[in-house]
Amino acid sequence: MEKLLEQFSLGLFFWMLVIFVALIFLLKKFAWKPILDAVNEREEGIKNALLSAENAKKEMQNLKSDNEKLLAEARLERDTMIKEAREIKEKMINDAKTEAQQAGEKMISQAKAAIESEKNAAMAELKAKVSSLSVEIAEKLLKDELSNSEAQTKLVEKMLGDVKLN
């Protein structure tokens, strides 16, 4: 340190001090202000970016909740539509069954009526045939019996015996 004090020059110190102060003045005037402005701009840009990111995050959360609400509403509407479709399907099936049953019953009643009328017609035809056959048989029997006068007398007596008088 002694050697340092021996080599000390007041003129050199003065000029170094003047150059140092001038350098600080020049730096303050030309460098510090633009550097500080750039740092402040960057700080503002970062703040704005953070605010924008926070706003975007909030907006995304809002959109997400809105999407969830819309999805829930869509699911509810889908479930309602499926339920209504099932009810309509069941109603259509039940209506078709009822209509088919009524048509079947109508066809059965018509078939029964047709069978009954056919049966009545057949019975009438059978009665007509039986009566005509009976008349023919009676005719033939009576011809045979009435051809003989003795048989005629017996038949008249027999009929008179069958009839009761009051």
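As recorded in an unreviewed UniProt entry, the chain goes by ATP synthase subunit b and comes from Flavobacterium macrobrachii. Turning to the chain, the UniProt record has this under Sequence similarities (unreviewed entry): "Belongs to the ATPase B chain family."

Asker: When you look at the overall build of the chain in this model, what are you seeing that I'm missing?
Answerer: Secondary structure summary: the chain contains three helices and zero strands in total. Taken from the N to the C terminus, the helices and strands of the chain come in the order α-α-α. In terms of C-alpha radius of gyration, the chain reaches 66 Å, well past the compact-globule figure of 15 Å for 166 residues. Dimensions of the chain, computed from the C-alpha atoms along their principal axes, are close to 200 × 30 × 30 Å.

Asker: What exactly am I supposed to notice about the UniProt feature "transmembrane region" (unreviewed entry) in the chain here?
Answerer: As recorded in UniProt, the feature "transmembrane region" (unreviewed entry) lies at residues 12-32. As a span, residues 12-32 carries 100% helix and 0% strand, and end to end its C-alpha atoms are 27 Å apart.

Asker: How should I be thinking about the UniProt feature "coiled-coil region" (unreviewed entry) in the chain in this particular structure?
Answerer: On the UniProt side, "coiled-coil region" (unreviewed entry) is annotated at positions that read residues 46-106 here. Note that residues 46-106 is 100% helix and 0% strand, and that its end C-alpha atoms are spaced 87 Å apart.

Asker: In this structure, what is going on with the pattern of salt bridges? I would like to understand it.
Answerer: A side chain with one charge can pair with a side chain of the opposite charge if their charged atoms come near. What the rule picks out here adds up to three salt bridges. With a closest N to O distance of 3.7 Å, Glu43 and Lys47 form a salt bridge. Of the two residues, Glu43 and Lys47 are both situated in helix H2 (residues 10-147); the distance of four residues between them amounts to about one turn of the helix. Put simply, Asp95 and Lys91 hold a salt bridge, and the shortest N to O gap is 3.4 Å. Highlighted residues: Asp95 and Lys91, both in helix H2, separated by four residues, approximately one helical turn.

Asker: Teacher, can you tell me more about the packing of aromatic side chains here?
Answerer: Here the distance between the centres and the angle between the planes together describe a pair of aromatic rings. Under the criterion given, the structure shown has one aromatic pair. A centroid spacing of 5.5 Å and a plane angle of 70° characterise the contact between Phe14 and Trp15, whose relative ring orientation is edge-to-face. On the basis of relative accessible area, Phe14 is assigned to the partly exposed category, the value being 46%. You can call Trp15 exposed: its relative accessible area is 53%.

Asker: Would you take a moment to explain helix H3 (residues 149-162) for this structure?
Answerer: Taking 1.5 Å per residue, 14 residues should reach 20 Å; H3 reaches 20 Å between its end C-alpha atoms and fits that length. With one of 14 residues buried, H3 is to be regarded as a mostly surface element.

Asker: It is not clear to me how a nonpolar patch on the surface should be interpreted in this structure. Could you clarify?
Answerer: A grouping of Phe8, Leu10, Phe13, Leu17, Phe20, Val21 and Ile24 is seen on the molecular surface, where their side chains present a nonpolar patch of about 710 Å² in accessible area. Within the secondary structure, Phe8 sits in the loop between helix H1 (2-7) and H2.

Asker: Is there a simple way to think about the environment of Lys91 in this case?
Answerer: Taking relative accessible area as the criterion, Lys91 reaches 54% and is therefore assigned exposed. Sequence-wise, Lys91 and Leu4 are 87 residues apart; in three dimensions their C-alpha atoms are separated by 113 Å.

Asker: What is the right way to look at the confidence of the model for the chain in this model?
Answerer: Caution applies to low-pLDDT parts of the model: their predicted coordinates are not meant to be read in detail. Scored by pLDDT, the chain has a mean of 87; 96% of the residues are at 70 or more. Confidence, expressed as mean pLDDT per element, reaches its minimum in the chain at H1 with 74 and its maximum at H2 with 90.

Rules used in this analysis
Residues numbered from 1 in each chain as written. Predicted model: local features only at pLDDT ≥ 70, side-chain atom pairs only at ≥ 80, totals over all residues. Heavy atoms only, no water. UniProt positions renumbered as here; feature names shortened; annotations may be inferred. Helix = DSSP H or I, 4+ residues; strand = E, 2+ residues; numbered from the N terminus. Rg over C-alpha atoms; globule rule 2.2 N^0.38 Å. Salt bridge = Lys/Arg side-chain N within 4 Å of Asp/Glu carboxyl O. Phe/Tyr/Trp six-rings, centres within 6.5 Å; stacked < 30°, edge-to-face > 60°. Buried < 20%, exposed > 50% of the residue type's maximum accessible area, 1.4 Å probe, protein only. Expected span 1.5 Å × (residues − 1). Patch = residues over 30% accessible without salt bridge, like charges linked within 9 Å, V, L, I, M, F, W, Y side chains within 5 Å. Areas by Shrake-Rupley, 256 points an atom, 1.4 Å probe, with all protein chains shown as cover. pLDDT = per-residue confidence, 0-100.

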